[in-house]
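Letter by letter, the chains look like this.
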Amino acid sequence: MLVLSRKKGESIVIQDQIEVTILSVEGDTVRVGISAPPHIDIFRKEVYLSIQESNRESAAPTPANLEALMERLRGNKKN
């Protein structure tokens, strides 16, 4: 992990496409602005982790879905 110190108004550039700017510092809270091309998704970590968990859940087979699939396969074999 790269650790940098920045002051209000200072920026960090990542691979010529992403700019992270410190907007303000108030106590323990730092406001950060991020400029990036539209094809780059930017999420707060807790939101990103929630999306990943939802994706895992929706991709996981359920017993009911597996049974329905087996019934369809059995039906196709009879034809």
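Residues numbered from 1 in each chain as written. Predicted model: local features only at pLDDT ≥ 70, side-chain atom pairs only at ≥ 80, totals over all residues. Heavy atoms only, no water.

A. Main features of the pairing of strand S1 (residues 11–14). Direction of pairing for S1 relative to strand S2 (residues 18–26): antiparallel, over a ladder of 4 bridges. Bridge assignment links Ile14 to a residue of S2, and that residue is Ile18. Between S1 and S2, which follow one another and run antiparallel, lie 3 residues, and Gln15 among them has a positive phi close to 45 degrees. (Pairing = 2+ DSSP bridges. Helix = DSSP H or I, 4+ residues; strand = E, 2+ residues; numbered from the N terminus.)

B. Structural context of the sheet that holds strand S3 (residues 29–35). Ordered in space as S1-S2-S3, the 3 strands form an open sheet in which the pairing is antiparallel. Every other strand in the sheet has two partners, leaving S1 and S3 as the edge strands with one partner each. Across the sheet, the mean angle separating the axes of adjacent strands is 25 degrees when strand polarity is ignored. Note that S2 and S3 share 7 bridges and pair antiparallel. (Axes fitted to C-alpha atoms, helices over the stretch in contact; angles between N-to-C directions.)

C. Representation of the pattern of salt bridges. On inspection of all chains with the given rule, the structure shows 5 salt bridges. In this structure, Arg6 and Glu10 form a salt bridge, with 3.7 Å as the shortest nitrogen-oxygen distance. According to the relative accessible area criterion, Arg6 is partly exposed, its value standing at 38%. With its nearest N and O atoms 2.6 Å apart, the salt bridge here joins Glu71 to Arg74. Of this pair, Glu71 and Arg74 both sit in helix H2 (residues 63–78), 3 residues apart, which is roughly one turn of the helix. (Salt bridge = Lys/Arg side-chain N within 4 Å of Asp/Glu carboxyl O. Buried < 20%, exposed > 50% of the residue type's maximum accessible area, 1.4 Å probe, protein only.)

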